[in-house]
Every structure is written in structure tokens, then in C-alpha cells.
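Examination of the molecular architecture
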Amino acid sequence: TGSRLNRVTTAGVATGVGAIAGSGAVYMARNRKATPQVAIVPSSGGQYYIFENNALSSPSLDGDIPKSLFNSVCAIDGFFVITLSNGEWYITAIDGSSIDVLDFDSATTNPDGLVRGVVRGRDLLLMGQRSTEFYQNTGAADFPFERTTANTLGIYAGPTAVPLSATLDGAITDTVIWAATNADGAYIGVLMLGGYEGRKISAPWVDRAVRDSTASTLRAFAYTREGTTFYCLTSSTFSAEYNTRTGFWHRRTSNALNHWRIVDAATFNGQTIFGDYTSAVLRRANHAITRTSA
């Protein structure tokens, strides 16, 4: 909430944990440690936090690790993966508080830096402004991840990338939806990952809305309702929602607004919880249908 981290119980009781420095979107990932840890990295500000045992800490890292360039985090196979704006990326130990200064690699397909790390099934996606590289854990002794392929599709705004399950070629599959760019860094549409290439799914009116928005205000989230997963792309000027079952888009607005007041969603305690952009209020989805008569 703003610059504060809070934890919330299943009864809805919120407790402040601590302050998060930096600005922009904040990315979080949970590992598989016996006592799970949550890594937290703001998209700007060069910060790295660990939330463990209901406490927030900022681990001390080797001075040769350019922490000031940290801009996203994700988790795969027990490792936290941290991307850097200069194109490098680090993996942590199983204990996310520890990072070996030599446990890093560089995305070299295009010298466009890195914006976001995302996990799709067994694939680690490292997304830059003009390219995306794919890695898998091969278990190599020196460094466990090896690049499998790359493409010339980048990401227009980091918070628009959402891993989810969707219908693709008639089958439910793990995929990623994001606002994409081409090799020149220009916005080309909202894409869904099919294999290692992107398939355009955005309608013309969605593309116009994206281009008319400020890229830094774009963000996205996904939620499932009655067996259907929705991808919602939103900003301060519009909200567009994609039905992954039907393949159609529709607008979302709230009273007196040209966009939806919901800006995030999570499944917690068997329920869908929504975050409200105007306040720290968490809203619980109500699937009841109310019929009104004219």
C-alpha cells in the first residue's frame, strides 16, 4: 500500500510489516524453502527485501553485486531470479537471503537491458525492451540455467506481463499475456505466448487505448471466475478485459470513472481478493447474481 508492506490474515485482519523504498511497480515471489520466503523487488530504486517469519529484512549483499540496477524478481525451482536493467540477472541460493557474486548471467540477444522476469511452466522468460530470452534449469554444476531460444519480442511495460492458464488451440495451457514491442521497441499489441512466439490477441480499440496511455501507468492482472480466466489490462484512462475462453475483449469501468477501480487480484483462502486503486481496501469477489426489474 503505497510504500508500506502489510500482511493480512484469513479473517481480514491487516498488520503493517515495514516500509518498501523505491518507486513504480513492486514484484514479489515466493520460494520453496522449508519456512517460505517472499522476495520483494521494486521496479526502480535498486532494493531487495525478504519477508520471512512475518518480518521484513533487507539482506546484505556482496558489494560487487550491482543491487542499484535490480528491477524485478520471480521464482523457479526454488531459486529467486532477479533481473537488472543492464541485462544481467542473478539467482539466489535456496535461502533467498544469499546471492553468490558469481551466480549471474547476461541476456545478450539484444543490448536492450532487462525489464521483467516471468515463469511459464518449465521456462524462465527474461524480457527486455526489444527481445525475450528463454531459459530452462538443466542442472549444470557451474550455473543451472541454460538458454534454449530467444525471439525479437520485447515488453512495453513490465507490469503488463501475467503468467496464467488459458485456452490455446483448444487446450488449456500455461502461457503469458503481455503488452509487447518489436525489435525496434515499438508497441505492436497485446500478445499471448504460444510455444516460443507471441500471438496477437488485442482488438484495435485496445491497441488505441494502450497507445493513448502513458506506458508507466499500464499494469495487468488475472483472475478466474466460474471456470473462466480473465486478463485485465488497466491504466489511469481505461480498463480492458480479455476472456481467455471466448477470445473476446470488453471494457471495465467503475462509477464516475473511465476505468475500473480494481488494479490487482489474488486467490487467497479459496477466494478471489481484489485491490482497490483509491485506498488500502481489499475487496472479496461476490459471485451472486442480482436480478433487477425495470
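For the structure itself, look to the data block above.
Here the focus is the nonpolar core. Side chains of a nonpolar character, in soluble globular proteins, are inclined to be buried together. Core analysis: the largest hydrophobic core is formed by 24 residues, its most contacted members being Ile177, Val190, Val206, Tyr231, Leu233 and Trp249. Within the residue set of this core, elements represented by two or more residues are strand E16 (162–168), strand E17 (171–181), strand E18 (187–194), helix H1 (204–212), strand E21 (228–234) and strand E22 (239–243). Residues Tyr48, Ile50, Leu61 and Leu84 belong to the second largest nonpolar core, which totals 15 residues.

Now for unusual backbone geometry. For Asn54, which is not glycine, the phi dihedral falls at a positive 65 degrees. Inspection of the secondary structure puts Asn54 in the loop between strand E5 (49–52) and strand E6 (55–57). Taking the relative accessible area as the measure of exposure, Asn54 reaches 49% and is therefore partly exposed. Backbone geometry places Asn269, a non-glycine residue, at a positive phi of 55 degrees. Relative to the elements of secondary structure, Asn269 occurs in the loop between strand E24 (262–268) and strand E25 (271–276).

Take the packing of aromatic side chains next. Evaluation of the coordinates by the stated rule reveals 17 aromatic pairs. Taken together, a centroid distance of 6.1 Å and an interplanar angle of 35 degrees make the contact between Phe221 and Trp260 tilted. Taken together, the positions of Phe221 in strand E20 (residues 219–225) and Trp260 in the loop between strand E23 (249–251) and E24 put the pair 39 residues apart, joining distant regions of the chain. Comparing Phe221 with Trp260, the two get one shared label, buried.

Take the environment of Thr83 next. Inspection of the secondary structure puts Thr83 in strand E8 (residues 79–84). C-alpha of Thr83 to C-alpha of Ala171: the two residues are 88 residues apart in sequence and 31 Å apart in space. With residues near it in sequence (within four places) discarded, Thr83 still touches Leu69, Phe70, Asn71, Ser72, Glu88, Trp89, Leu114, Val115, Arg116, Gly117 and Leu126. A distance of 2.6 Å separates the side chain of Thr83 from the side chain of Asn71, its partner in a polar contact. In this structure the side chain of Thr83 is engaged in a polar contact, spanning 2.6 Å, whose partner is the side chain of Ser72.

Okay, the side chain of Ser235 next. Relative to the helices and strands, Ser235 resides in the loop between E21 and E22. Judged by relative accessible area, which is 7%, Ser235 ranks as buried. Here the side chain of Ser235 touches Ser213 through a polar contact of 3.3 Å, side chain to side chain. Side-chain polar atoms of Ser235 contact the backbone nitrogen of Thr237, separated by 3.0 Å. What Ser235 contacts, discounting residues up to four positions off in sequence, is Ser213, Thr217, Leu218 and His259.

The subject of this paragraph is the sheet that holds E25. Strand pairing in a sheet is mediated by backbone hydrogen bonds. Such pairs are either parallel or antiparallel. Within the open sheet, the three strands sit side by side as E24-E25-E26. Their pairing is antiparallel. Looking at the sheet topology across the chains shown, the edges are occupied by E24 and strand E26 (282–284). The sheet shows a mean angle of 30 degrees between the axes of neighbouring strands, taken without regard to direction. Pairing of E24 with E25, which is carried by six bridges, proceeds in the antiparallel orientation. Within the sheet, the bridge partner assigned to Ala265 lies in E25 and is Phe274.

Before going further, it helps to examine the side chain of Thr229. Summarising the element assignment, Thr229 is placed in strand E21. A distance of 2.9 Å separates polar atoms of two side chains, one belonging to Thr229 and the other to Thr224. Beyond its immediate stretch of four places on either side in the chain, Thr229 contacts Leu164, Ser165, Ala222, Tyr223, Thr224, Tyr242, Asn243 and Thr244.

As paired strands, E20 and E21 are joined by seven bridges and run antiparallel to one another. The residue of E21 that forms the bridge with Arg219 is Thr234. Linking two consecutive strands that pair antiparallel, namely E20 and E21, is a turn of two residues; a positive phi of about 50 degrees is found at Glu226 within it.

Our next topic: the environment of Leu84. If you trace the backbone, Leu84 turns up in strand E8. In this structure Leu84 comes out as buried when scored by relative accessible area, which is 0%. Considering only alpha carbons, one finds Leu84 and Thr15, 69 residues apart in sequence, at a separation of 31 Å. Among all residues touching Leu84, those that are not within four sequence positions of it are Pro66, Leu69, Phe70, Asn71, Trp89, Tyr90 and Leu114.

Scoring rules and cut-offs
- Residues numbered from 1 in each chain as written.
- Predicted model: local features only at pLDDT ≥ 70, side-chain atom pairs only at ≥ 80, totals over all residues.
- Heavy atoms only, no water.
- Core = buried A, V, L, I, M, F, W, Y, C linked by side-chain atoms within 4.5 Å.
- Buried < 20%, exposed > 50% of the residue type's maximum accessible area, 1.4 Å probe, protein only.
- Helix = DSSP H or I, 4+ residues; strand = E, 2+ residues; numbered from the N terminus.
- Phe/Tyr/Trp six-rings, centres within 6.5 Å; stacked < 30°, edge-to-face > 60°.
- Contact = heavy atoms within 4.5 Å.
- Polar contact = N/O pair within 3.5 Å; in protein donor to acceptor, adjacent residues only side chain to side chain.
- Pairing = 2+ DSSP bridges.
- Axes fitted to C-alpha atoms, helices over the stretch in contact; angles between N-to-C directions.

Function-wise, these values are silent; they only describe arrangement.
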